[in-house]
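Chain and residue survey
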Amino acid sequence: MHMSRLRRNEAGFSMVVVLAVMMIGALLAVASFTLTILDAPQSKSSNDAKLAYAAAEAALHYYLFHLAQDNQYWTKCTNVAP
């Protein structure tokens, strides 16, 4: 009879559930913080690549603008390395 009474006793059960939920929440917070920190260098590299692409595209549009103004603009490029 003593064992059946212990099995029905649920004292402290809520504490175990709360601690488990808090531990899972803390692990999720740490994981999200870690992923954010690890993603920062990739974001910088991505921004640098986008800036380089935009600069190259702007130079191309600059050249095409001058070529549209003067059809012989390409012949005036005298400072080209051999």
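Scroll up a little and you will see the structure.
The text that follows walks through the structure, step by step, so that each part is easy to find. (Residues numbered from 1 in each chain as written. Predicted model: local features only at pLDDT ≥ 70, side-chain atom pairs only at ≥ 80, totals over all residues. Heavy atoms only, no water.)

Next up on the list: the overall build of the chain. Counting its secondary structure elements, the chain contains two helices and zero strands. Counting every position in the chain, which comprises 82 residues, the buried fraction comes to 0%. Accessible surface, the chain: about 7700 Å² in total, of which carbon and sulfur atoms supply 70%. (Helix = DSSP H or I, 4+ residues; strand = E, 2+ residues; numbered from the N terminus. Buried < 20%, exposed > 50% of the residue type's maximum accessible area, 1.4 Å probe, protein only. Areas by Shrake-Rupley, 256 points an atom, 1.4 Å probe, with all protein chains shown as cover.)

Looking now at the pattern of salt bridges. Once their charged atoms are close, side chains differing in charge can pair, the charge on each being opposite to the other. In total, this model carries one salt bridge according to the counting rule given. Put simply, aspartate 70 and lysine 76 hold a salt bridge, and the shortest N to O gap is 2.3 Å. On the basis of relative accessible area, aspartate 70 is assigned to the partly exposed category, the value being 25%. Residue class for lysine 76 comes out exposed when judged on its relative accessible area of 52%. (Salt bridge = Lys/Arg side-chain N within 4 Å of Asp/Glu carboxyl O.)

Here the focus is the packing of aromatic side chains. As enumerated under the stated definition, the model contains one aromatic pair in all. With 5.7 Å between their ring centres and 55° between their planes, tyrosine 63 and tyrosine 73 make a pair best called tilted. On the criterion of sequence distance, the pair formed by tyrosine 63 in helix α2 (residues 13–69) and tyrosine 73 in the segment after α2 is long-range, its members being ten residues apart. Classification of tyrosine 63 by relative accessible area gives partly exposed; the value is 31%. (Phe/Tyr/Trp six-rings, centres within 6.5 Å; stacked < 30°, edge-to-face > 60°.)

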